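One-letter residues, chain by chain:
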Amino acid sequence: MWWGCMLLITTLAPLTAQSVLSPEAPSGDGTESSPLEVTTPAHLAWIAKMVNGGESLRGVWIAQKCDIDLAITKEINGGEGWTPIGGYVFLGGRETKVGFEGYYDGEGHTISNLYMNRPKHDYQGLFGYVQKGRVANLTIHKASVTGLENVAAAFAYTFEETISNCHVTESVVDCKAFYAGGLIGFQSDGLTEHSSAQVTIYGRDYIGGLVGWSELGRIRGCRTSGSLLSVVYNGVQPRHCGGLIGYCNKSQVERSLCSSDLIEGGDWTGGLVGSAEQSKIRESVNLAKRITGRSYVGGIAGRTNESELSDCYSISSLEGEQYVGGVSGFATYSSTLIERLYSICKVSGIEGETSFAIGSVLGAYGTGTVRDVLYDQTIQPDLPAIGGANQEGCKVMGKSPDEMKQQESYAGWDFNEVWTIVPGQHDGLPLLRWQMDSEWNAIEDPTRSSETAPIRVVTEGDACYLSLPAPLTLEAVYDVDGTALTMVTNGVNSCRVAIPAQTRILIIVYRDGDHRHTLKYLL
């Protein structure tokens, strides 16, 4: 094959710190039955060299066969670090956009310690641009990525891509301008499924825990945690910050969850999306602990325009100056549909003359259909459900805490296929059925049951101690609703976990060598 000759040339390079990432061709034919086998940083550098040289690797199959440590990237390219796979490059004397079009299967392995520091450059991430390519079963761990626009730990920019079972953990993304995401900076007309991001993100505009901007995108079965921190630049408020997606345009979000510690935005800030424009958000959950912004701040969406929010719930604390609501800061346009949602949120307006349009459910309502929405009216009994003057036609019902736990309160909701109430779980509140399903977990479908997995759990009071025999190692523990209870340092095979009072099921993620497993454990 043509890449075999390149291997002969690159292996002659002297072994210095700089040349560790001299491109080296992987073995294999690049077919589905004999994929290129990636095992070293040099193999990843070869992929970057090929794509950035104009060879998209269309139709080429690539398989990562082990975990890869990219700590060396902090020492190369004059401190700028890793050169992304794809993006804008100079070819033939002019700037050209090149993208990866192959198939990359991480096979459950990890790429750790990716480092990039290019605050004046766009398309910064492990992959700068994925164009109609497919990437699956890959984890990016402890990445540090700084760039200008289109910045993410994994994929800076994607077009008609398929991203499946890809994850970012314990990483930092610093975007000096626009389109910052934990997993994807900018997504156009692609599919992202069963993926997650646990990140701290700094950015100005279009910031999402998973995707900064989604255009015609499909997001399903995804989860985010960590913190999103918007930055005021030259006195201008940041815009469009969301726990999952910063700006959601003509896109679909299904069965996804945000459990971030903090979402700190400016204008258009939401627990799931900063702005929903001609989009559909269904069967999804906001559990962000704290959401703050200036205007258009909402538990599900900061602003809802010509969009559908259905079968979702929000449990959070929100604060803003104008248009702040437990479900959405502002909902308008006749085609907007908000139905079958509940909100248990503390909603606060920042004190001052500019504070207005603050509501338990909606900050303000223009037009559209709002029906079958419930909220706990005892949290802030003096706060109206709809903050603005117009409430005509909105079917919003305030309930007591006990009534919020009774199925009879949710007339017309589908408790056969969509919702469920499980005694002793989730404080007795409704859960979406996918949260109890074995496929709820965004990391991967559980591969073992607690009866067959070699895990030991000892419960003492409000905590439990987990242990696994070596060489198995723990990675993370979640509540059944997706809340991260602990993230475990690599290589540890035991830990203590504080258990919330109502928790009866743990989702435990652990490693067996190069393979990750997920199981449910009934306490």
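Residues numbered from 1 in each chain as written. Predicted model: local features only at pLDDT ≥ 70, side-chain atom pairs only at ≥ 80, totals over all residues. Heavy atoms only, no water.

All right, on to the overall build of the protein then. The number of helices and strands found in the protein is 3 helices and 50 strands. Long-range contacts, defined here as pairs at least 24 residues apart, represent 76% of the contacts in the protein between residues at least 6 apart. (Helix = DSSP H or I, 4+ residues; strand = E, 2+ residues; numbered from the N terminus. Contact = heavy atoms within 4.5 Å.)

Turning our eyes to something else, we now look at the packing of aromatic side chains. Across all of its chains, the model carries 29 aromatic pairs by this definition. Here the aromatic rings of Trp-268 and Tyr-296 are separated by 5.7 Å at their centres, their planes lie at 10°, and the arrangement is stacked. In this pair, Trp-268 sits in strand 27 (residues 267–270) while Tyr-296 sits in strand 32 (residues 295–298), placing the two residues 28 residues apart along the sequence. Residue classification places Trp-268 among the buried residues on the basis of a relative accessible area of 17%. Both rings, one in Tyr-342 and one in Tyr-410, keep their centres 6.2 Å apart while their planes meet at 65°; by these two values the pair is edge-to-face. Note that Tyr-342 is positioned in strand 37 (residues 337–349) and Tyr-410 in the loop between helix 3 (401–404) and strand 42 (419–420), a separation of 68 residues in sequence. Taken individually, Tyr-342 and Tyr-410 each receive the classification buried, so the pair is uniform in this respect. Each member of the aromatic cluster is reached from another via a ring pair, and the members are Tyr-88, Tyr-123, Tyr-129, Tyr-157, Phe-178, Tyr-179, Phe-186, Tyr-206, Trp-213 and Tyr-247. (Phe/Tyr/Trp six-rings, centres within 6.5 Å; stacked < 30°, edge-to-face > 60°. Buried < 20%, exposed > 50% of the residue type's maximum accessible area, 1.4 Å probe, protein only.)

Here we take up the sheet that holds strand 39 (residues 362–365). What the 9 strands build is an open sheet, ordered 8-12-15-19-23-28-33-36-39; its pairing is parallel. Each edge of the open sheet is held by one strand with a lone partner, namely strand 8 (130–131) and strand 39. Sheet topology note: the strand 28 (residues 273–277)/strand 33 (residues 301–305) ladder contains 4 bridges and is parallel. Paired with Val-273 across the strands is Ala-301, a residue of strand 33. (Pairing = 2+ DSSP bridges.)

Glancing now at the side chain of Ser-360. In this fold, Ser-360 is placed in the loop between strand 38 (356–359) and strand 39. Non-local contacts of Ser-360, meaning those with residues more than four positions away in its chain, are made with Gly-325, Gly-326, Val-327, Ser-343, Val-347, Tyr-375, Leu-383, Pro-384 and Ala-385.

On to the sheet that holds strand 35 (residues 322–325). Note: strands within a sheet are paired through backbone hydrogen bonds, in either parallel or antiparallel orientation. The sheet built from 8 strands is open, its strands ordered 11-14-18-22-27-32-35-38 with parallel pairing. If you trace the sheet from one side to the other, it starts and ends with strand 11 (151–152) and strand 38, each paired once. Two elements, strand 32 and strand 35, share 3 bridges in a ladder whose sense is parallel. Looking across to strand 35, one finds that Gly-298 is bridged to Gly-325.

Secondary-structure assignment places Asn-150 in the loop between strand 10 (144–147) and strand 11. Take Asn-150: its relative accessible area is 5%, and that puts it in the buried class.

The tendency in soluble globular proteins is for nonpolar side chains to be buried as a group. Grouped together as the largest cluster of nonpolar side chains are 94 residues, with contacts concentrated most on Ile-47, Trp-82, Phe-100, Tyr-104 and Phe-155. Sequence-distant contacts of Ile-47, defined by excluding residues within four places in its chain, comprise Val-38, Leu-57, Ile-62, Ile-85, Phe-100 and Tyr-104. (Core = buried A, V, L, I, M, F, W, Y, C linked by side-chain atoms within 4.5 Å.)

Confidence along the protein averages 88 in pLDDT terms, with 89% of residues attaining 70 or more. Within the model, the stretch residues 1–19 combines pLDDT values under 50 with 29 contacts to residues more than four positions away or in other chains. Predicted confidence for residues 441–452 stays below pLDDT 50, and this span has 39 contacts to residues more than four positions away or in other chains. (pLDDT = per-residue confidence, 0-100.)

In terms of burial, strand 21 (residues 223–230) is largely enclosed, as 8 of its 8 residues are buried. Residues Arg-223, Ser-225, Ser-227 and Leu-229 point to one face of strand 21 and Thr-224, Gly-226, Leu-228 and Ser-230 to the other, with burial holding for every one of them. Judged from the 8 bridges that link them, strand 17 (residues 196–203) and strand 21 form a sheet pairing that is parallel. Counterpart to Ser-196 in the pairing with strand 21 is Arg-223. When strand 21 meets strand 25 (residues 257–258), the two strands line up parallel, connected through 2 bridges. Its bridge partner lying in strand 25, Arg-223 is registered against Leu-257.

The residue Thr-367 is located in the loop between strand 39 and strand 40 (369–376) in this model. What makes Thr-367 partly exposed here is its relative accessible area of 37%. Remark: the alpha-carbon pair of Thr-367 and Ser-334, spanning 33 residues in sequence, is separated by 5.2 Å. The contact partners of Thr-367, leaving out residues within four places of it in the chain, are Ala-331, Thr-332, Tyr-333, Ser-334 and Thr-336. In this structure the side chain of Thr-367 is engaged in a polar contact, spanning 2.9 Å, whose partner is the backbone nitrogen of Tyr-333. (Polar contact = N/O pair within 3.5 Å; in protein donor to acceptor, adjacent residues only side chain to side chain.)

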